[in-house]
Structure formats: structure tokens, C-alpha cells
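Report on the structure
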Amino acid sequence: MIRICHDLEALSLAAAELFAAEACQAVRVHGRFTVALSGGSTPRRMYELLAREPFIEQVPWQSTHIFWGDERCVPADDPRNNALMTRQTLLDHVPVPPGQIHPMVCNSSPLEAAVEYEALLRSFFAGGRPRFDLVLLGLGENGHTASLFPGTSVLDDQQHWVGEVYVVEEGLQRLTLTAAAINQAALIVFLVSGHGKAPILREVLKGTQDPHSIPARMVKPVDGGLLWMVDRHAACLLRQRKE
Ligand code: 6PG
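With that settled, the discussion passes to the pattern of salt bridges. Enumeration according to the criterion identifies eight salt bridges in this entry. R45 is the salt-bridge partner of E9, the closest N and O atoms lying 2.8 Å from each other. With E9 in helix α1 (residues 8–30) and R45 in helix α2 (residues 44–50), the pair connects residues that are 36 residues apart, well separated along the chain. Residue E9 is classed as partly exposed on the basis of its relative accessible area, which comes to 38%.

Lining the immediate environment of the ligand, one finds 16 residues, of which S41, T42, R72, A146 and K197 sit closest. Separating an oxygen atom of the ligand from a side-chain N or O atom of R174 is a distance of 3.4 Å. For the ligand, an oxygen atom lies 2.6 Å from a polar atom in the side chain of K197. Contact with the protein chains hides 88% of the accessible area of the ligand, taken as 420 Å² for the molecule alone. The cavity where the ligand resides is the largest pocket. Its residues assigned to classes, the shell around the ligand comprises two nonpolar, 10 polar and four charged.

This model, assessed by the stated rule, comprises one disulfide. In this model C5 remains outside any disulfide bridge; the closest cysteine sulfur is found in C236, 15 Å from its own. Given the relative accessible area of 6%, C5 is considered buried. With no disulfide of its own, C24 lies closest to C5 among cysteine sulfurs, the gap being 20 Å. Judged by relative accessible area, which is 26%, C24 ranks as partly exposed.

For the rest of this paragraph, the subject is the layout of surface pockets. Size it by volume and the largest pocket reaches roughly 420 Å³. Contributing to the lining of the largest pocket are 27 residues, with S38, G39, G40, S41 and R72 lying nearest its centre. Of all the elements in the fold, those that place two or more residues in the lining of the largest pocket are β4 (70–72), α4 (82–89) and β5 (134–137). Grouping the amino acids of the lining of the largest pocket by side-chain chemistry returns nine nonpolar, 12 polar and six charged. When its volume is computed, the second largest pocket comes out at roughly 180 Å³. Around the second largest pocket, the lining is made up of 15 residues, and of these P75, A76, N81, M104 and V105 lie nearest the centre. The set of elements that each furnish at least two residues to the lining of the second largest pocket consists of β4 and α4. The dominant element in the lining of the second largest pocket, judged by the number of residues it contributes, is α4, at three residues. By residue class, the composition of the lining of the second largest pocket is 10 nonpolar, two polar and three charged.

With 23 residues, α1 ought to run about 33 Å at 1.5 Å a step, and its terminal C-alpha atoms sit 32 Å apart, in line with that. Among the residues making up α1, those that are buried are L11, S12, A14, A15, A16, L18, F19, A20, A23 and A26. Once α1 ends, the next one or two residues include G31, with phi positive near 80°.

Right, let's get into the sheet that holds strand β1 (residues 2–5). In a beta sheet, neighbouring strands pair by backbone hydrogen bonds and run either parallel or antiparallel. An order of β1-β9-β8-β5-β2-β3 is seen for the six strands of this open sheet, with the pairing classed as parallel. On the outer flanks of this sheet lie β1 and β3 (64–68), each paired with one strand and no other. Direction aside, the axes of adjacent strands within the sheet are offset by 20° on average. Two strands pair when backbone bridges link them, and strand β8 (residues 187–192) and strand β9 (residues 225–231) are joined in this way by six bridges, in the parallel orientation. Bridging from a neighbouring strand, L191 pairs with M229 of β9. Most of the contacts of helix α5 (residues 110–124) go to β3, to which it runs at about 150°, and overall it touches β2 (33–37) and β3.

Moving on, we get to the sheet that holds β4. Ordered by their spatial adjacency, three strands build an open sheet running β4-β7-β6, and the pairing between neighbours is antiparallel. Looking at the sheet topology across the chains shown, the edges are occupied by β4 and β6 (162–167). Adjacent strand axes in the sheet meet at a mean angle of 20° when their direction is disregarded. Contacting β6 and β7 (172–177), α5 runs over the sheet at an angle of about 150° to β6.

Conventions used here
- Residues numbered from 1 in each chain as written.
- Predicted model: local features only at pLDDT ≥ 70, side-chain atom pairs only at ≥ 80, totals over all residues.
- Heavy atoms only, no water.
- Salt bridge = Lys/Arg side-chain N within 4 Å of Asp/Glu carboxyl O.
- Helix = DSSP H or I, 4+ residues; strand = E, 2+ residues; numbered from the N terminus.
- Buried < 20%, exposed > 50% of the residue type's maximum accessible area, 1.4 Å probe, protein only.
- Near = heavy atom within 4 Å.
- Polar contact = N/O pair within 3.5 Å; in protein donor to acceptor, adjacent residues only side chain to side chain.
- Areas by Shrake-Rupley, 256 points an atom, 1.4 Å probe, with all protein chains shown as cover.
- 1 Å grid on protein atoms, 1.4 Å probe; cavity = no way out; pocket = protein on both sides within 12 Å on 5 of 7 lines; lining within 4 Å.
- Sits in = over half its atoms within 2 Å of the grid points.
- Nonpolar A, V, L, I, M, F, W, Y, C, P; charged D, E, K, R; others polar.
- Disulfide = S-S within 2.5 Å.
- Points joined across faces, edges and corners; volume = space filled by probe spheres on them.
- Expected span 1.5 Å × (residues − 1).
- Pairing = 2+ DSSP bridges.
- Axes fitted to C-alpha atoms, helices over the stretch in contact; angles between N-to-C directions.
- Contact = heavy atoms within 4.5 Å.

None of the figures reported here should be taken as evidence of function without further support.
Here is the structure:
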């Protein structure tokens, strides 16, 4: 499913509304809301909106459990750190109990950090599958999502829920949920904005390239929902009716 919004502001508002609705529904049905947040710049405005009226009142923050889809292995105060961005825009302003916020921490080796985060997830999901109520994802211009980058070995990891990856273009180690883990979610939502994403969005949605070269195409929920929330600039190469 694709939802086309007028611009980034409209997209961010629609995404905040969806986040609040999913959170309320999850708490109603099973007493908690478990979400894996995305890094990058696109979700910033959505996070800022969630920290304000009406969402700060609407979302059951006390029953919300925050995880991340990926993280760069940089210090917690490094501006590239996804958890830092989320704290500055959202988590420092809403009453999620601190024990329910679970950043990916890369202090040890990336592999050890991946093993630790996976152990946390397996404990949280009590031995079941990683059934996030919502996974938020972005889309890189090279087709990556989370830190699932083209041509990396983590793409084919069907055994683990968390992997470590060295991103050559950045000279950075990263941690990421594997596609196998992401695909267990109840709902996966991509947020994509801007003309710069139009070619890759068309390739992901309409192309036939091997998913290993466009990892976003590996995101196929096993039995959950998949929603592309995009603005009209990113959608300009798609033949879709605008909402
Ligand atoms: C990250 C994200 C990454 C991001 C895309 C899009 O840590 O950078 O997880 O997958 O979502 O690169 O980034 P923008 O939203 O900045 O375009």
C-alpha cells in the first residue's frame, strides 16, 4: 500500500497520526506498544510532532517500549547517533519510562553489541518471534533501509535478529535488525520524502533488480502490513493517484 502526501510536513503529520493510532490499538489489544524507530533525517519532523499536542496526550507513552531498527557505532553524544536524534526530538519530551527505552549500544565490539541487543530482544519477546507492533524504516538513495546495505552479508542472515555491518562508504560500523527480524512485524511503515528519492522509490516499487542490490525490497512482512508513506516529490515517478 502507498500513501502519497503533499509534502514532508503532511507526511510527518500523517505518520504521527498513524503512530498514535497503532499505539492505542496495541495497548488496547495486548497491553503494550512495541516500536522500532528509524534513524536518518526523514522521521525527525514526525518525532517532533509526536512530542507536542495532540499526540503527547494521545499516545500511551507509559505502555510504550522503544527500540531502534539500526544504529551507527559512534558515541552516544555523536550527532550521527540515531538514539541521540530521537531523544532530542522526541524521547526527552514524552513520559516513556526510561527502562522501556532500549538503544543499540556499540561500546564493545560490534559483534558483541549485536549479540547483546539480540539477547535483549529475545528476552523481551519471551522466546517468541520479534513481533514489533510497528517498525519505522527510511529509504536510502542506494536502496538501503535500516542498515541493510547492498551487497552486505547481513542481508541473507536468516538465523539472527540483529547483525553488524561495516559500511564502506561511511567507514562506519553499524548495527541493524536483520530483514528476517523486520519481516516478523505486525506493521512496517516506510517514510520517504523528497525528489532525490524518486528514482530509488520507483526502482523499489516497480523495478525487477535483485533485492541484494536494493535491500529495501527484502522487506516483505511474513504476516503483517507494509505501508509506504511518501510525499509527492518522492512519488513523482510513480503513476499513482495523489490523495
Ligand atoms: C540510518 C537509517 C537509514 C535511513 C536512510 C534514509 O541510520 O541512517 O536507518 O536507513 O533511514 O538512510 O535516511 P534519510 O531519512 O536521512 O534520507
